[in-house]
Every structure is written in structure tokens, then in C-alpha cells.
Amino acid sequence: MRSDVRIEPMEPSMTEINTDVPHSARVYDYWLGGKDNYEADRALGDAMVAAIPTLPAMARANRAFMERAVRHLAGEGITQFLDIGTGIPTSPNLHEIAQSIEPASRVVYVDNDPLVLAHARALLAGHPEGKTAYIHADLTEPRSILDHPSLAETLDLDRPVALMLVAILMYFTDEQNPRAMVAELMDALPSGSRLVISHPTADFDPDSVAQAVEAATSAGITLVPRTRAQVEDLFAGHEILDPGVVPLAAWRPVEPPADPHAVYYYGGVARKR
């Protein structure tokens, strides 16, 4: 574990974590078979699974996409990553993947969930040649991320950075303008940087997804599935790399998927010109 990285603010006590209200990161942890979830999270997770029984498999497919994307980028020489919406640590974490390929890789994690903050030190246990940091901040305020001292201390913004937005933009409505959030972050990164997005869609099963969205909304969680065109729009101004914005399972798979539409997500990677 690194000893030269400070986590600010200080870790919260468990009393600051409201276990009576479901939280998206903890629901996701439940689907992945984790232990950092509570009754309210499991109840919502089960309600959404009642609508889409394969949701846990989709959560695993999303993690697999993240791993494939990181391995691909590391293979292209990208050694710096800004991961927003980190979620509860789940091995392999992004830095473990990147540093297994290039030990000097640097990763900044960002999340606004107090429970993620409570586990943040697990995200800092990277390879001694590399560097990791955790920022407790909110994507709705990109400047709070870009101006945080840990960002400049960890990443060299004169060299390309991969901005990772894996299964996070779905929590923002069109009125909140997630495209503008993405644009502000990418504007701060140099040419050659990459943008990685995965995002759920209702394109493949509108009725089931509508039921899952209703369950989430009833529990107070915003969940916005988007069409392929809407996901492509989040990459606006950047060069989308092959194979484009495609069903998640079809993005550079290790083996061709039997049914790429079985995972109700799109995924893509773009390069900043």
C-alpha cells in the first residue's frame, strides 16, 4: 500500500452511511456477489432482477468490458487512467489490471459514495512503480475533480489519459446534461487521450428495462437507459475507435458472444484528436 497518498476528506464513520436507503454502488456490489450491501440494496436488486433476471450476469459483463478496455488501452501505451464512478472495490480493480501490464501505470479513482470512501485505501494498494489516488467528488461538478490536488499529483496532464465512465452516465438525466460533464473533463485532457463509456439501453428489451427503471425510480435512484445514437452522442467531438459503439459483449470480445444483445448495454472507446 502506498503511504504517500492522502485521502481527503477523512474516512466517514459508518453512521454517515444510510443503510436504510438503497445506493446504486451497493446494488451493483450485490449483483457481483459482494458483501458490502444492505437489506435495502438487496431488496432493490431483487426487484430489478425480477424484471431482468440476467442483471447479475450483465453486471459481470460490464466488469469484463472494463477489463478488456483497460488491457487494450495499456497495449496502446496508455498508462494513465481517470476512473469516475469507481464503485466498491472489486478485484481485479482497474489499477491491478493496468499495472499488471505496465507496473508504472497511474490511476485516479473518483466516487461520491461514503461507503466507497470507507474502502478507498484498498484502491491505493498498487504496484510500487505506479501510483494510485482516490478523490471523493461528484461528476456533476467536474471542476471539483479537475482542481483536486490529488489529480495533479498523480497524473501528468501533458500525456494522454484514459477517462473511464463505465456504467455511470445512466444516473444522470438529460436535463443534468451528462454530455457537458464528459466534454468538460475531456477538454482538460491532452490530445491522444481516450474516452471509455459503457451505458445501459432499452433497445434490446424495452418492456423489461422499463420495469427495472420503474423499480429503481420508486426507490429514489435515477436510471436513464439510452439508445445507441444517444450513447454515440456522448462521444461527440472524438474519434470513435473500431468496432464503434456496439453491444457491450461485442466490443473486442475474447470469444465471439453467442448473443451480443443478451447484455443490455452499449460500449465504446474514442480518441481525442
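Residues numbered from 1 in each chain as written. Predicted model: local features only at pLDDT ≥ 70, side-chain atom pairs only at ≥ 80, totals over all residues. Heavy atoms only, no water.

What to know about helix 3 (residues 55-75)
For helix 3, spanning 21 residues, the distance from its first C-alpha to its last is 30 Å, which sits close to the expected 30 Å at 1.5 Å a residue. Gly-77 lies just past helix 3 and shows a positive phi near 95°. (Helix = DSSP H or I, 4+ residues; strand = E, 2+ residues; numbered from the N terminus. Expected span 1.5 Å × (residues − 1).)

Some remarks on the packing of aromatic side chains
Within the structure shown, the criterion is met by three aromatic pairs. A ring pair is formed by Phe-204 and Tyr-264, whose centres lie 6.5 Å apart and whose planes are at 65°; its orientation type is edge-to-face. With a gap of 60 residues between them, Phe-204 in the loop between strand 5 (194-200) and helix 10 (206-218) and Tyr-264 in the loop between strand 7 (246-247) and strand 8 (265-271) connect regions that are remote in the sequence. Members of the aromatic cluster, joined through ring pairs, are Phe-204, Tyr-264 and Tyr-266. Stacked on the ring of Trp-251, the Lys or Arg Arg-252 has its end atom at 5.3 Å from the ring centre. (Phe/Tyr/Trp six-rings, centres within 6.5 Å; stacked < 30°, edge-to-face > 60°. Lys NZ or Arg CZ within 6 Å of the ring centre and 35° of its normal.)

Notes on the environment of Ser-91
Position of Ser-91 among the secondary structure elements: in the loop between strand 1 (80-84) and helix 4 (94-101). A relative accessible area of 60% places Ser-91 in the exposed class. A polar side-chain atom of Ser-91 sits 3.3 Å from a polar atom in the side chain of Glu-96. (Buried < 20%, exposed > 50% of the residue type's maximum accessible area, 1.4 Å probe, protein only. Polar contact = N/O pair within 3.5 Å; in protein donor to acceptor, adjacent residues only side chain to side chain.)

Re unusual backbone geometry
Here the bond from Ser-91 into Pro-92 is cis, since omega is 0°, no more than 30 degrees from zero. With respect to the helices and strands, Pro-92 occurs in the loop between strand 1 and helix 4. Residues Asp-242 and Pro-243 are joined by a peptide bond in cis, for which omega reads 10°. The residue Pro-243 is located in the loop between strand 6 (239-240) and strand 7 in this model.

Observations concerning the nonpolar core
In this structure, Met-48, Phe-81 and Met-164 are the most contacted members of the largest nonpolar core, which totals 53 residues. Considering each element in turn, this core owes the most residues, eight residues, to helix 3. If near-sequence neighbours (up to four positions away) are discounted, Met-164 is found in contact with Met-66, Val-70, Leu-73, Phe-81, Leu-82, Asp-83, Ile-84, Leu-94 and Val-196. Leu-151, Leu-163, Leu-165 and Leu-195 belong to the second-largest nonpolar core, a separate cluster that totals 31 residues. (Core = buried A, V, L, I, M, F, W, Y, C linked by side-chain atoms within 4.5 Å. Contact = heavy atoms within 4.5 Å.)

Notes on the side chain of Arg-26
Inspection of the secondary structure puts Arg-26 in helix 1 (residues 24-31). With relative accessibility at 2%, the residue Arg-26 sits in the buried group. Those residues in contact with Arg-26, other than ones at most four positions away along the chain, are Ile-17, Asn-18, Thr-19, Val-21, Asp-36, Asn-37, Tyr-38, Asp-41, Ile-88, Asp-113 and Leu-115.

Brief notes about the environment of Pro-103
Residue position: Pro-103 is located in the loop between helix 4 and strand 2 (106-111). Note on Pro-103: relative accessible area 23%, which makes it partly exposed. With 27 residues separating them in the primary sequence, Pro-103 and Gly-130 have C-alpha atoms 5.7 Å apart. With near-sequence residues (within four places) excluded, Pro-103 lies in contact with His-127, Glu-129 and Gly-130.

A short note on the pattern of salt bridges
Considering all chains together, one arrives at nine salt bridges under this definition. For Arg-226, the salt bridge is made with Asp-174, and the minimal N-O distance between the two is 2.9 Å. Remark: Asp-174 occurs in the loop between strand 4 (162-166) and helix 9 (178-187) and Arg-226 occurs in the loop between helix 10 and helix 11 (228-233); sequence separation between them is 52 residues. A relative accessible area of 3% means that Arg-226 is categorised as buried. The residue Asp-233 makes a salt bridge to Arg-179 at a minimum N-O spacing of 3.0 Å. In this pair, Asp-233 is assigned in helix 11 and Arg-179 in helix 9, connecting sequence segments 54 residues apart. On the basis of relative accessibility, which here comes to 35%, the residue Asp-233 falls in the partly exposed class. Residue Arg-179 is classed as partly exposed on the basis of its relative accessible area, which comes to 39%. (Salt bridge = Lys/Arg side-chain N within 4 Å of Asp/Glu carboxyl O.)

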